[in-house]
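# Descriptive analysis of the structure
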Amino acid sequence: NAGVTQTPKFQVLKTGQSMTLQCAQDMNHEYMSWYRQDPGMGLRLIHYSVGAGITDQGEVPNGYNVSRSTTEDFPLRLLSAAPSQTSVYFCASSQQGKQPQHFGDGTRLSIL
Amino acid sequence: GESVGLHLPTLSVQEGDNSIINCAYSNSASDYFIWYKQESGKGPQFIIDIRSNMDKRQGQRVTVLLNKTVKHLSLQIAATQPGDSAVYFCADERGSNYKLTFGKGTLLTVNP
């Protein structure tokens with residue numbers, strides 16, 4: 001059972017480039033979410049989805065887009081990367097109406 | 001503003017001692033609390049959770065205590081081992097859609 005899988009594990013971008021961070025889960029979880037983790041800031045919610053076709057904004061959504069076309073996948077898109085988006089990004093999933101959320105091992109993103 | 005925070009950013013203990021990690025919250029509407037462990041280079045890993053209708057919950061070597069009167073949450077680790085060295089995060093769920101708000105984390109170091 002793979003759980004939550006994030007790809008890539010590391011990425012370096014130039015300012016203005018676009019990129020999609022992939023997240024997939026094989027637990028048939030309805031709820032999925034994206035967080036960013038910065039030093040001294042804890043984890044902050046970017047976007048979340050309660051099921052296929054439904055997404056909503058979290059605490060820090062600006063500069064990021066998401067879509068949820070299937071239950072398994074929840075990609076996060078950076079349309080025009082900025083240095084302020086340098087961070088570690090975590091995807092999580094859980095059964096609808098239940099905690100806890102299960103996290104992937106993250107994507108470490110650097111934007112120059 | 002409302003937040004979930006920690007009293008101490010670092011904690012150093014001797015192997016075999018008991019560890020106590022504290023967390024304060026300010027949102028009286030929070031009804032679910034959770035502790036995660038994060039090892040270097042990994043995603044957060046669920047440890048234990050508690051709902052607001054309880055004041056204590058025990059797991060294997062871990063206990064979470066909730067004091068709603070003073071809005072305080074603690075994680076107790078019995079017989080701390082070197083493998084317990086990690087950053088520990090508390091988080092709370094407030095409102096709908098299972099969104100978690102994380103504290104900044106406490107680094108636990110276990111000395112052999």
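Our structure is the block above this text.
Parameters and conventions
Residues numbered from 1 in each chain as written. Chains lettered and ligands numbered in written order. Predicted model: local features only at pLDDT ≥ 70, side-chain atom pairs only at ≥ 80, totals over all residues. Heavy atoms only, no water. Pairing = 2+ DSSP bridges. Helix = DSSP H or I, 4+ residues; strand = E, 2+ residues; numbered from the N terminus. Axes fitted to C-alpha atoms, helices over the stretch in contact; angles between N-to-C directions. Contact = heavy atoms within 4.5 Å. Buried area = accessible area lost by both parts, 1.4 Å probe. Salt bridge = Lys/Arg side-chain N within 4 Å of Asp/Glu carboxyl O. Polar contact = N/O pair within 3.5 Å; in protein donor to acceptor, adjacent residues only side chain to side chain. Nonpolar A, V, L, I, M, F, W, Y, C, P; charged D, E, K, R; others polar. Buried < 20%, exposed > 50% of the residue type's maximum accessible area, 1.4 Å probe, protein only. Core = buried A, V, L, I, M, F, W, Y, C linked by side-chain atoms within 4.5 Å. Phe/Tyr/Trp six-rings, centres within 6.5 Å; stacked < 30°, edge-to-face > 60°.

Okay, the sheet that holds strand β1 (residues 4-7) of chain A next. Residue and element names in this part refer to chain A. If you walk across this open sheet you meet the four strands as β1-β3-β8-β7, and the pairing is antiparallel. At either end of the open sheet lies a strand with only one pairing partner, and these are β1 and β7 (64-66). In this sheet, adjacent strand axes meet at a mean angle of 20° when their direction is disregarded. Alignment of strand β3 (residues 19-25) against strand β8 (residues 76-78), held across three bridges, turns out to be antiparallel. Across the sheet, the residue bridging to T20 is R77, located in β8.

Right, let's get into the interface of chain B and chain A. Note on interface size: it is often stated as the accessible area lost on association of the parts. In this complex, chain B contributes 18 residues to the contact, which on the side of chain A involves 20 residues. Of the roughly 1,700 Å² buried at the junction of chain B and chain A (both faces included), carbon and sulfur atoms supply 57%. At the surface where chain B touches chain A, the tally comes to one salt bridge. Here D105(A) makes a salt bridge to K42(B), at a shortest N to O gap of 3.9 Å. Applying the counting criterion to the chain B and chain A interface returns five residue pairs in polar contact (both at pLDDT 80 or more). Elements supplying a minimum of two residues to the side of chain B that touches chain A: β4 (32-38), β9 (86-93) and β10 (100-102) of chain B. Broken down by element, the residue count for the side of chain B that touches chain A peaks at four residues, all from β4(B). The residue makeup of the side of chain B that touches chain A, split by class, is nine nonpolar, five polar and four charged.

It is worth spelling out the pattern of salt bridges at this point. Under the defined criterion, the tally for this structure stands at six salt bridges over all chains. Here E39(B) ties to K37(B) by a salt bridge, and the two come within 3.8 Å at their closest N and O atoms. Overall, K37(B) belongs to the buried group, its relative accessible area being 15%. Overlapping salt bridges, with partners in common, bring together R36(A), D38(A) and R44(A) in one network.

Among the nonpolar cores identified, the biggest contains 20 residues, and W35(B), L73(B), L75(B), Y88(B) and L108(B) are the most heavily contacted of them. Within the residue set of this core, elements represented by two or more residues are β2 (10-14), β3 (19-25), β4, β5 (45-51), β7 (62-67), β8 (72-77), β9 and β11 (106-111) of chain B. Within the second largest apolar cluster, 19 residues are counted, among which are L21(A), I46(A), F74(A) and I111(A).

Residues and elements named next belong to chain B. Among the secondary structure elements, R51 is positioned in strand β5. The sequence separation of R51 and D31 amounts to 20 residues, and the corresponding C-alpha distance is 5.8 Å. For R51, the contacting residues outside a window of four places in its chain are D31, Y32 and L66.

Let us now look at the pairing of β7(B). Residues and elements named next belong to chain B. Pairing of strand β6 (residues 56-58) with β7, which is carried by three bridges, proceeds in the antiparallel orientation. In the sheet register, R57 faces β7, and the bridge partner there is V64. Between β6 and β7, which pair antiparallel in sequence order, lie three residues; one of them, R61, sits at a positive phi of approximately 65°. Inspection of the sheet shows β7 paired to β8 by six bridges, in the antiparallel sense. Residue pairing across strands places L65 opposite S74, the latter belonging to β8.

Here we come to the packing of aromatic side chains. Taken as a whole and judged by the stated rule, the model has nine aromatic pairs over all chains. Ring centres of F103(A) and Y36(B) lie 5.2 Å apart, and the angle between their planes is 85°; on these two criteria the pair is classed as edge-to-face. Of this pair, F103(A) sits in strand β10 (residues 102-103) while Y36(B) sits in strand β4, on two different chains. Exposure remark for F103(A): the relative accessible area of 11% places this residue in the buried category.

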